[in-house]
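The lines below spell out each chain.
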Amino acid sequence: MYHRGILYNVILLNDACGVPGSVWHNPDDSYTIFIDARLSEEKQRKVFLHEMKHICRNDFEKEDVQEIEHEAHND
């Protein structure tokens, strides 16, 4: 899928080890968003939007994970 020229894939994981979601920047400059399949549809949507914030903000260029998450949760 594309969003604003960004190529991304979404994978629903049945065994997400308690992590609601994460995103990976792939070598081909696309992104893969992983979401816990056991979450409700509404929570999956919220996790997806949260991970898209990281992509759109270029958070992969930043180093301080605590600051990144603080900013992503306080919009």
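Scroll up for the structure.
Residues numbered from 1 in each chain as written. Predicted model: local features only at pLDDT ≥ 70, side-chain atom pairs only at ≥ 80, totals over all residues. Heavy atoms only, no water.

A. Structural context of the pattern of salt bridges. Under the defined criterion, the tally for this structure stands at two salt bridges. We note a salt bridge from R38 to D36, for which the minimum N-O separation is 3.6 Å. Judged by relative accessible area, which is 57%, R38 ranks as exposed. We classify D36 as buried; its relative accessible area is 8%. Ionic pairing is found between R45 and E42, a salt bridge with its closest N-O pair at 3.0 Å. (Salt bridge = Lys/Arg side-chain N within 4 Å of Asp/Glu carboxyl O. Buried < 20%, exposed > 50% of the residue type's maximum accessible area, 1.4 Å probe, protein only.)

B. Spatial organisation of the packing of aromatic side chains. Inspection of the entire model under this criterion finds one aromatic pair. With centroids separated by 5.7 Å and ring planes inclined at 50 degrees, the aromatic side chains of Y8 and F48 adopt a geometry described as tilted. Of this pair, Y8 sits in strand β2 (residues 6-13) while F48 is found in helix α1 (residues 41-56), placing the two residues 40 residues apart along the sequence. Of the residues examined, F48 reaches a relative accessible area of 21% and is grouped as partly exposed. (Phe/Tyr/Trp six-rings, centres within 6.5 Å; stacked < 30°, edge-to-face > 60°. Helix = DSSP H or I, 4+ residues; strand = E, 2+ residues; numbered from the N terminus.)

C. Representation of the sheet that holds strand β4 (residues 31-36) within the structure. Here four strands make up an open sheet; going across it, the order is β1-β2-β4-β3 and the pairing mixed. Two strands bound the open sheet, and with one partner strand each, they are β1 (2-3) and β3 (21-25). One ladder, built from two bridges, connects β1 with β2; its direction is antiparallel. When the bridges of β2 are listed, Y2 appears paired with L7. Contacts between α1 and the sheet are confined to β1, β2, β3 and β4, with β4 contributing the most and set at about 155 degrees to the helix. (Pairing = 2+ DSSP bridges. Contact = heavy atoms within 4.5 Å. Axes fitted to C-alpha atoms, helices over the stretch in contact; angles between N-to-C directions.)

D. Local environment of the side chain of H54. Relative to the helices and strands, H54 is located in helix α1. Looking at H54, the relative accessible area reads 5%, which means it is buried. For H54, the side chain forms a polar contact with the side chain of H50, separated by 3.0 Å. (Polar contact = N/O pair within 3.5 Å; in protein donor to acceptor, adjacent residues only side chain to side chain.)

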